[in-house]
Amino acid sequence: EILAEKLRGTNVLCVGCTKGIGRGIVDALNSLQSASTISIVGRSKIDHISEFKSFAFDLSTYQGCRALSAALKEDGTKYDLIFFTVGVWPDFDNPL
């Protein structure tokens, strides 16, 4: 109840939250029914869950990160909280 009250009316961005621990975070947030908006970023778009905004970008690449940044700017939502659970890191020797 305390967490639900603290999250009431917030906009939450969940990056890397299409599977595993990240998906568990999204499910927990959704069960609280407090956040105004839950947006999910993953390598593939989640179309079958209509209550979430969904963005599909490969964040293991520079281009994917830039494209996500542009899409979030265009979307215009101001986020109060970000969960970042990306499980794949880029190749630091060859990031492009």
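Residues numbered from 1 in each chain as written. Predicted model: local features only at pLDDT ≥ 70, side-chain atom pairs only at ≥ 80, totals over all residues. Heavy atoms only, no water.

Caption draft 1: Fine view of the confidence of the model for the chain. Here the chain averages 83 in pLDDT, while 85% of its residues score no lower than 70. Highest mean pLDDT in the chain belongs to helix α3 (residues 62-75) (94); lowest belongs to helix α1 (residues 2-7) (82). (pLDDT = per-residue confidence, 0-100. Helix = DSSP H or I, 4+ residues; strand = E, 2+ residues; numbered from the N terminus.)

Caption draft 2: Region of the structure containing the sheet that holds strand β4 (residues 81-84). A sheet is described by the order of its strands in space; here four strands give the open sequence β3-β2-β1-β4, paired in parallel fashion. The open sheet is flanked by β3 (53-56) and β4, the only strands paired with a single partner. Within this sheet the neighbouring strands show an average axis-to-axis angle of 15°, counted without direction. Looking at chain direction, strand β1 (residues 11-15) and strand β2 (residues 37-42) are connected through five bridges and run parallel. From the neighbouring strand, Cys-14 faces β2, where its bridge partner is Ile-40. On the sheet, helix α2 (residues 20-32) packs against β1, β2 and β4 and is oriented at approximately 170° with respect to β2. Sheet strands touched by α3: β1, β2 and β3. Its angle to β3, the strand with the most contacts, is close to 150°. (Pairing = 2+ DSSP bridges. Axes fitted to C-alpha atoms, helices over the stretch in contact; angles between N-to-C directions. Contact = heavy atoms within 4.5 Å.)

Caption draft 3: Molecular detail of the environment of Val-12. Within the secondary structure, Val-12 sits in strand β1. Taking the relative accessible area as the measure of exposure, Val-12 reaches 0% and is therefore buried. Along the chain, Val-12 and Phe-83 lie 71 residues apart, while their C-alpha atoms are 7.7 Å from each other. Those residues within four positions of Val-12 in sequence are excluded, and the remaining contacts are Leu-29, Ala-35, Thr-37, Ile-38, Ser-39, Tyr-79, Leu-81 and Phe-83. (Buried < 20%, exposed > 50% of the residue type's maximum accessible area, 1.4 Å probe, protein only.)

Caption draft 4: Highlighting α2. Taking 1.5 Å per residue, 13 residues should reach 18 Å; α2 reaches 19 Å between its end C-alpha atoms and fits that length. Among the residues of α2, Gly-22, Arg-23, Ile-25, Val-26 and Leu-29 are the ones counted as buried. Down the axis of α2, the buried side of the element spans an arc of 155°, and every buried residue falls inside it. Among the exposed residues of α2, those oriented more than 90 degrees off its buried face are Gly-20, Ile-21 and Ser-31. Those residues of α2 hidden inside the fold are in contact with α1, β1, β2 and β4. The first or second residue beyond α2 is Gln-33, which carries a positive phi of 50°. (Expected span 1.5 Å × (residues − 1). Arc of directions from axis to C-beta.)

Caption draft 5: Here's a closer look at the pattern of salt bridges. Summed over the entire model, instances satisfying the criterion amount to three salt bridges. When the shortest N-O distance is used, the salt bridge between Arg-8 and Glu-5 registers 3.2 Å. For Asp-75, the salt bridge goes to Lys-53, with nearest N and O atoms at 2.9 Å. A residue pair is termed long-range when its members are at least 10 positions apart, and Asp-75 in helix α3 and Lys-53 in strand β3 qualify at 22 residues. Under the relative-accessibility criterion, Asp-75 is labelled partly exposed at 31%. (Salt bridge = Lys/Arg side-chain N within 4 Å of Asp/Glu carboxyl O.)

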